[in-house]
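Listed below are the residues making up each chain.
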Amino acid sequence: MNIIPLFPLNIVLFPSGPLPLRIFETRYVDMVRRCMREDQGFGVVLIRDGEQSGTADICDVGTMAKIVDFDQLPDGLLGLSCVGQQRFRIHAHRRQADGLNVGEVEWLQPEPLLTIPERHARLALLLETVLPQLGEVYTGIEMHLDDAAWVGHRLAEILPMDLADKQFCLELDDPLRRLDVLAPLIEITAQSDTDH
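Bear in mind that the values here come from a model prediction, so they are computed numbers and not experimental data.

A.B. asks: Can you walk me through the packing of helix α2 (residues 121-130) against helix α3 (residues 148-158) in this structure?
C.D. replies: Packed helix pairs are specified by the crossing angle of their axes together with the interaxial distance, meaning the distance between the axes. At a minimum axis separation of 10 Å, α2 and α3 run at an interaxial angle of 60 degrees. Regarding the angle of α2 to α3, the classification is oblique. You can see that α2 and α3 cross each other, and the crossing is left-handed. For the pair formed by α2 and α3, the contact residues are L123, A124, L126, L127 and V130 on the first element and W150, V151, R154, L155 and I158 on the second. When grouped by side-chain class, the residues that make up the contact of α2 with α3 number 9 nonpolar, no polar and 1 charged.

Now the structure itself:
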């Protein structure tokens, strides 16, 4: 088992996904300093219930975040650019005296590299069109439009879905099943756009 710092948030981070953060709480500033000093990441987990600042009920599966850049923002907060890495499952977690959550985790297997099946070819084409329009968080992201897991992760993070549904997509181990789940949502989104 590995012990990692946990950052409960109201977002779902996917492998290879961008995560811009603004840090102001002392426990997280200290965590970031320690992560950078030791060249390690921190675990991002979705809050199932409760408050980020208090004792939150968190999901069991999260994603490791690697800090790729940081800067001091004009408002004095610490700005971070992170990217999602490997998924993990939490077996136990506790809150330290300084308020930081730490978890005992096992790493989940990376998903198999599978090509996009013909029935979902349009999903990769859609991503190719949409991602460059989503602002600077995606400018440094290298596209892997022939990788079913990568395409599914990007769609799940950008589609307007409930957080519970995003978490469900994160926990799926089968990239093709994830695409099967997401494809109908794109039909619905496209339909509602044309109706307006």
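We are not done yet, so read on.
A.B. asks: Explain the nonpolar core to me, please; I cannot follow it from the model alone.
C.D. replies: Proteins that are soluble and globular tend to have nonpolar side chains buried together. Ranked by internal contacts, the top residues of the largest apolar core, which has 26 residues, are L123, V151, L155, L179 and L182. At the level of elements, α2, α3, α4 (163-171) and α5 (175-195) are the ones that each hand at least two residues to this core. No other element matches α3, which puts 5 residues into this core. Counting residues in hydrophobic clusters, the runner-up holds 19 residues, among them F7, L9, F42 and L78.

A.B. asks: I would appreciate a short explanation of the packing of aromatic side chains in the present structure.
C.D. replies: The description of an aromatic ring pair uses the distance of the two centres, along with the angle that the planes make with each other. Applying the stated criterion across every chain yields a total of 3 aromatic pairs. Judged by centre distance (3.9 Å) and plane angle (10 degrees), the ring pair of F7 and Y28 falls under stacked. A residue pair is termed long-range when its members are at least 10 positions apart, and F7 in strand β1 (residues 2-9) and Y28 in helix α1 (residues 26-37) qualify at 21 residues. The rings of F7, Y28 and F42 are connected pair by pair, giving a single aromatic cluster. One cation-aromatic arrangement involves R154 over W150; the distance from NZ or CZ to the ring centre is 5.2 Å.

About the cut-offs
Residues numbered from 1 in each chain as written. Predicted model: local features only at pLDDT ≥ 70, side-chain atom pairs only at ≥ 80, totals over all residues. Heavy atoms only, no water. Axes fitted to C-alpha atoms, helices over the stretch in contact; angles between N-to-C directions. Helix = DSSP H or I, 4+ residues; strand = E, 2+ residues; numbered from the N terminus. Parallel < 35°, antiparallel > 145°, perpendicular 65-115°, else oblique. Left-handed = near helix turned anticlockwise from the far one by under 90°. Contact = heavy atoms within 4.5 Å. Nonpolar A, V, L, I, M, F, W, Y, C, P; charged D, E, K, R; others polar. Core = buried A, V, L, I, M, F, W, Y, C linked by side-chain atoms within 4.5 Å. Buried < 20%, exposed > 50% of the residue type's maximum accessible area, 1.4 Å probe, protein only. Phe/Tyr/Trp six-rings, centres within 6.5 Å; stacked < 30°, edge-to-face > 60°. Lys NZ or Arg CZ within 6 Å of the ring centre and 35° of its normal.

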